[in-house]
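# A structural walkthrough
The primary structure of each chain is shown beneath.
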Protein chains: 2
Amino acid sequence: MSWYDRKGPNDDIVVSTRIRLARNLRGIPFPAKMNKEQFEKVNNIVKEAVLNSSAPIAKGLKFIKMEDIPANERACMVERHIISPAFAENYQNRAIIISSDESISIMLGEEDHIRIQIILPGLQLEKAYEIASLVDDMLCEKADIAFHKELGFLTECPTNLGTGLRASVMMHLPLSSESGNFKSFIDSASKIGYTVRGLYGEGTKATAYLYQISNQITLGISEKSVIENLKVIAENLIKNEKELQSKIDKTKLEDISMRALGTLKYARIISSSEMMQLLSNLSVGISAGVIEKDIKPFALFIEGQPHTLMKKYGEMTAADRDIKRAGVLRDVLK
Amino acid sequence: MSWYDRKGPNDDIVVSTRIRLARNLRGIPFPAKMNKEQFEKVNNIVKEAVLNSSAPIAKGLKFIKMEDIPANERACMVERHIISPAFAENYQNRAIIISSDESISIMLGEEDHIRIQIILPGLQLEKAYEIASLVDDMLCEKADIAFHKELGFLTECPTNLGTGLRASVMMHLPLSSESGNFKSFIDSASKIGYTVRGLYGEGTKATAYLYQISNQITLGISEKSVIENLKVIAENLIKNEKELQSKIDKTKLEDISMRALGTLKYARIISSSEMMQLLSNLSVGISAGVIEKDIKPFALFIEGQPHTLMKKYGEMTAADRDIKRAGVLRDVLK
């Protein structure tokens, strides 16, 4: 079972929690300047450190060379947010270490030598950081990680120097983001070093009211503080969203959500962006308790992604995917 | 069972056929100038002529004084197209003779003394005219109907002089009316004396692609010709609409119709105009055979009319009617 099919605390509003640690091995250039041998060296050092560890967490992990993953599966991994688009593109010599539910993944040879990623459903910052630390401990025990006593962990990009930590939560905020004080909230989060972005990056309007909130500062602040502050921000946003849910006209909300459910169950052609909007509308109704449905709407969104569809059903034009997507969503919601 | 719940030929495209005959009694002023006694005289003469007739058709007919019909039911009768809004408004002294399925109705004291109306589902012009003639025969046998050997039947408004006949069909033409040659069709129908109107009268854009086509000429043309020509026009329009159905992308059409069905089955708030649009979208899918559903969408439309809703469920604001309407439509389509 994938991490995104599992339940998590407050997962009606917090779609996922992600912790990323950037690490590099001492004495080897950054991946942008690495040759084949150096890639292999990095792969082997990390593989050995992690897979041969006696830590219980090491048991479920698998080392896979990216060349052994077919192109269509690589594209699906991007859609599942397991690897970055750049890593899928420049996959030669790279490798990944991954758990069966994909909640733990380690990209080898991305921007840094090592990118540890923990992704969990709902709001689970401490838990995700705890797992990331276990992985980090296995590494540091066996490998010589580049660390400077003043600068902390050394990374390719200076914005990651220090802790190498990026903590983020993906939140569904349809009511908060339409309320008047959302902009001032973003501004004050920014002042304490956190950014709020729409799903497809900064500056863009959020797709389906999905926002990613993450720390920008990795120097001069402890991992503990970064995570605690983000947790407070997320909890405040949950509280605010819930308050707005309790104030909104229930019939209107039920109407919006049930219409989305009706369309998902009956439509024959659904584009990617309409799917997101429908899942968003369905989600807010489930979150507010006006409709009962034992599903996690945003888990479905992976099923409707282009490459995930094509991996299952073969190559298709965009128009045919819209038809197939509608069929898949219908089947799931039957 | 109401006439509109019954099946009729081509009722997937022709919602209804209507025949109206305008008649007046000799020697009595037109209703606009009638006093109480004259109204009573007209009511009694027609009541006697029709209800005491030995014709089989007379058996199912009932005479009702409009004063004995409560205001909310009068409003519902307008919504069912049984009486005109003016007749519902100025109901004093007036009466109606009506069959149990409401396919036959005779307004007494509308613009003319006598307005015979036959309304049947689907395309049934000859049949409707035949029934109208039977009613007319009962009248003419017993009552002294104003008839001029050159002008024909005398009527209050000169546009009805002659046959006093208005034959009309209400057609659902979503594809034809969006096609390029619909305007030229309207123009040529107009040249031979027929008008094509949107549901809510000339000049307005058709609600839900419903068009009423009727003869404008009542002088110098026989009833038979009026009806035959209208039948040809209607049959051509059916053929054209069917041809367009066969050419349109089936998945697209299925998508439109199924979405309408999904919304009708799931929405919690539906306005009158949205209902019409949804029923129109559902109807075209049923007509084209892309979805199977043993219902007549436009029969549901009566159930969602404001006064019909309020007669069943009590006085309501427009906002509450939208909620009740959604509930009624959901129940019917369950």
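Scroll up to find the structure this text is about.
Residues numbered from 1 in each chain as written. Chains lettered and ligands numbered in written order. Predicted model: local features only at pLDDT ≥ 70, side-chain atom pairs only at ≥ 80, totals over all residues. Heavy atoms only, no water.

The subject of this paragraph is the interface of chain A and chain B. If you look at the interface, chain A gives 17 residues, while chain B gives 17 residues. It is A:R259, A:Y266 and A:R268 that lose the most area in chain A upon contact with chain B, and together they represent 43% of the buried surface on that side. Linking chain A with chain B are four salt bridges. Inspection of the chain A/chain B interface yields 12 residue pairs in polar contact (both at pLDDT 80 or more). When residues in the side of chain A that touches chain B are grouped by element, the largest group, 11 residues, is from helix α8 (residues 250–266) of chain A. (Contact = heavy atoms within 4.5 Å. Buried area = accessible area lost by both parts, 1.4 Å probe. Salt bridge = Lys/Arg side-chain N within 4 Å of Asp/Glu carboxyl O. Polar contact = N/O pair within 3.5 Å; in protein donor to acceptor, adjacent residues only side chain to side chain. Helix = DSSP H or I, 4+ residues; strand = E, 2+ residues; numbered from the N terminus.)

Looking now at the relation of the copies chain A and chain B. Note on the identical chains: chain A maps onto chain B by a rotation of 180° and an axial translation of 0.0 Å, with an RMSD of 0.0 Å. A rotation of that kind, with that shift, is consistent with a two-fold axis. Within chain A, the C-alpha atom positioned nearest to the axis of rotation is that of A:G262, 2.1 Å from it. Of the interface residues in chain A, 100% have counterparts in chain B that sit at the interface too, so the contact is made through matching surfaces. (Least-squares fit on C-alpha atoms with pLDDT ≥ 70 in both.)

It is worth spelling out the sheet that holds strand β3 (residues 95–99) of chain A at this point. Residue and element names in this part refer to chain A. Here we have eight strands laid out as an open sheet, ordered β2-β3-β4-β5-β1-β8-β10-β9, and antiparallel in their pairing. Two strands bound the open sheet, and with one partner strand each, they are β2 (61–65) and β9 (194–198). Sheet twist, expressed as the mean angle between neighbouring strand axes with direction ignored, is 20°. Across five bridges, the pairing between strand β4 (residues 104–108) and strand β5 (residues 114–121) is antiparallel. Opposite L108, over in β5, you have I114 as the bridge partner. (Pairing = 2+ DSSP bridges. Axes fitted to C-alpha atoms, helices over the stretch in contact; angles between N-to-C directions.)

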